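One letter stands for each residue in the lines below.
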Amino acid sequence: MKLLQFIKSWTLPFSMGIGALAYLVFYYVPALEEASQWFAPIFNSILPLFMFLILYVTFCKVDFRKIAIVPWHWWMVAVQCLLVGIGVGAILLFGIVGKELILLESILACIISPCAAAAAVVTLKLGGNLEQMTTYTFVSNLLCALLIPLCFPLIEPASQMTFWSAFVLIMQKVCLVLVVPMLLALLTKSVPLLHRFHQWLIHIPDLSFYLWGCSLMIVTGTTLKNIFHAQTSVSFLLLIGILSLVVCLLQYAIGRRIGRFFRSSIEAGQALGQKNTAFAIWIAATYLHPLSTVGPGCYILWQNIINSIEIWKRGKYEA
């Protein structure tokens, strides 16, 4: 029983460890080269399916009558805008170029990206308010769709990004990731014929959390792939990793600190700290220097270690 409880408390590190080990085996064993090429497109297609299922199961537990913007949401929006403004302002004011620009772009990608869809899953696991977290997820994604087209052309003029093209592209992704599973969950909750299925689904303990753990294996392997194939020195990669850790700790700390004033430290900490790193990697690869994707790649490891510690502490408290 103790071993089972230990594994349940540290599900996220176990998932990351399995994903990392699997990638390293395929990377260092030449005989598995063909197999890795065969599995790669399968895993790429499975990951969006996992995210869809995670959100669908989570939204099935949401009481949509309680969806509303609360005061701490505005504080998180203000803090994110301030941090983004500091990053962009530093680049423009000091005319930063070269490797220093890549470092700041890595940090900026971690700050500007929206709250992770799985933040609601972790919030529920920690005993936070699911409805408030769900509301902020939508607010954060809308904010991201506004900030990216405004800020990125200033620091990467060569990208030739236009506001409306970037806004529409990001909103399309948001609709696919958030709106579709939400509508499907609403349909499941409201159709009488699906009532028994809905009740069965929401009473499976921690289903969305373990689905997130499975998806984390794939994400960790993809992160290692990006790091191993990065065309730069190990010392520079380590510097990006350390800076992403500092940014991760800072955002969690600020979120939890502000959240205490509203008795929502769990929700606010997750809102500002847990980022949609898959989205962050995509925007960095699309609009910024390719090496800036390493920052969000490292960030996903740090945020899930922090989440694991919080879940472990929560388990000790409940025990």
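Remember, it's a predicted structure, so these values are computed and weren't measured experimentally. (Residues numbered from 1 in each chain as written. Predicted model: local features only at pLDDT ≥ 70, side-chain atom pairs only at ≥ 80, totals over all residues. Heavy atoms only, no water.)

(A) Highlighting the nonpolar core. Met76, Val84, Ile112, Tyr136, Ile148 and Phe152 are the most contacted members of the largest nonpolar core, which totals 78 residues. At 11 residues, the largest contribution of residues to this core is made by helix α7 (residues 130–155). With nine residues, the next largest nonpolar core counts Leu103, Ala230, Leu237 and Cys298 among its residues. (Core = buried A, V, L, I, M, F, W, Y, C linked by side-chain atoms within 4.5 Å. Buried < 20%, exposed > 50% of the residue type's maximum accessible area, 1.4 Å probe, protein only. Helix = DSSP H or I, 4+ residues; strand = E, 2+ residues; numbered from the N terminus.)

(B) Here's a closer look at helix α4 (residues 71–94). The first and last C-alpha atoms of α4 sit 35 Å apart over 24 residues, in line with the 34 Å expected at 1.5 Å per residue. Those residues of α4 that fall on the buried side of the exposure criterion are Trp72, His73, Met76, Val77, Val79, Gln80, Leu83, Val84, Gly87, Val88, Ala90 and Ile91. Packing partners of the buried residues in α4 comprise α5 (98–112), α7, α11 (234–260) and α12 (265–273). Positive backbone phi, approximately 55 degrees, marks Gly95, located one or two places after α4. (Expected span 1.5 Å × (residues − 1). Contact = heavy atoms within 4.5 Å.)

(C) A look at the layout of surface pockets. Its volume calculated, the largest pocket comes out at about 900 Å³. Considering the residues around the largest pocket, the lining is formed by 32 residues, among which Leu47, Met51, Asn276, Ala278 and Phe279 are closest to the centre. Listed by contribution, the elements that provide at least two residues to the lining of the largest pocket are α3 (33–60), α8 (163–190), α10 (207–228), α13 (277–287) and α14 (294–318). Considering each element in turn, the lining of the largest pocket owes the most residues, seven residues, to α3. (1 Å grid on protein atoms, 1.4 Å probe; cavity = no way out; pocket = protein on both sides within 12 Å on 5 of 7 lines; lining within 4 Å. Points joined across faces, edges and corners; volume = space filled by probe spheres on them.)

(D) Inspection of the packing of aromatic side chains at higher detail. In the structure shown here, the tally under the stated rule is 12 aromatic pairs. With a centroid separation of 4.9 Å and an interplanar angle of 80 degrees, the aromatic rings of Tyr27 and Phe228 are classed as edge-to-face. Residue Tyr27 is located in helix α2 (residues 11–28), and its partner Phe228 is located in helix α10; the two are separated by 201 residues in the primary sequence. Exposure remark for Tyr27: the relative accessible area of 37% places this residue in the partly exposed category. Their ring planes at 65 degrees and their centres at 6.3 Å tell us that Phe152 and Tyr287 sit as a pair that is edge-to-face. With Phe152 in helix α7 and Tyr287 in helix α13, this residue pair connects regions lying 135 residues apart in the sequence. In this structure Phe152 comes out as buried when scored by relative accessible area, which is 0%. An aromatic cluster is built from Tyr23, Tyr27, Tyr28 and Phe228, whose rings are joined through pairwise contacts. Above the face of the Phe236 ring, Lys99 is positioned so that its terminal group lies 5.0 Å from the ring centre. Between Lys125 and the ring centre of Phe209, over which it is positioned, the NZ or CZ distance is 4.9 Å. (Phe/Tyr/Trp six-rings, centres within 6.5 Å; stacked < 30°, edge-to-face > 60°. Lys NZ or Arg CZ within 6 Å of the ring centre and 35° of its normal.)

(E) Seen up close, the packing of α7 against α12. Look at α7 against α12: their axes get within 10 Å of each other, and the N-to-C directions meet at 25 degrees. When the axes of α7 and α12 are compared, the pair comes out roughly parallel. α12 is crossed by α7, and the crossing has right-handed handedness. Contacts between α7 and α12 involve Gln132, Met133 and Tyr136 from the first element and Glu267, Gln270 and Ala271 from the second. (Axes fitted to C-alpha atoms, helices over the stretch in contact; angles between N-to-C directions. Parallel < 35°, antiparallel > 145°, perpendicular 65-115°, else oblique. Left-handed = near helix turned anticlockwise from the far one by under 90°.)

(F) Seen up close, the UniProt feature "transmembrane region" (unreviewed entry) in the protein. Annotation from UniProt places "transmembrane region" (unreviewed entry) at residues 12–32, 38–60, 72–96, 102–124, 136–155, 161–188, 209–228 and 234–254. Between the first and last C-alpha atoms of residues 12–32 the distance is 26 Å; the span itself is 81% helix and 0% strand. (UniProt positions renumbered as here; feature names shortened; annotations may be inferred.)

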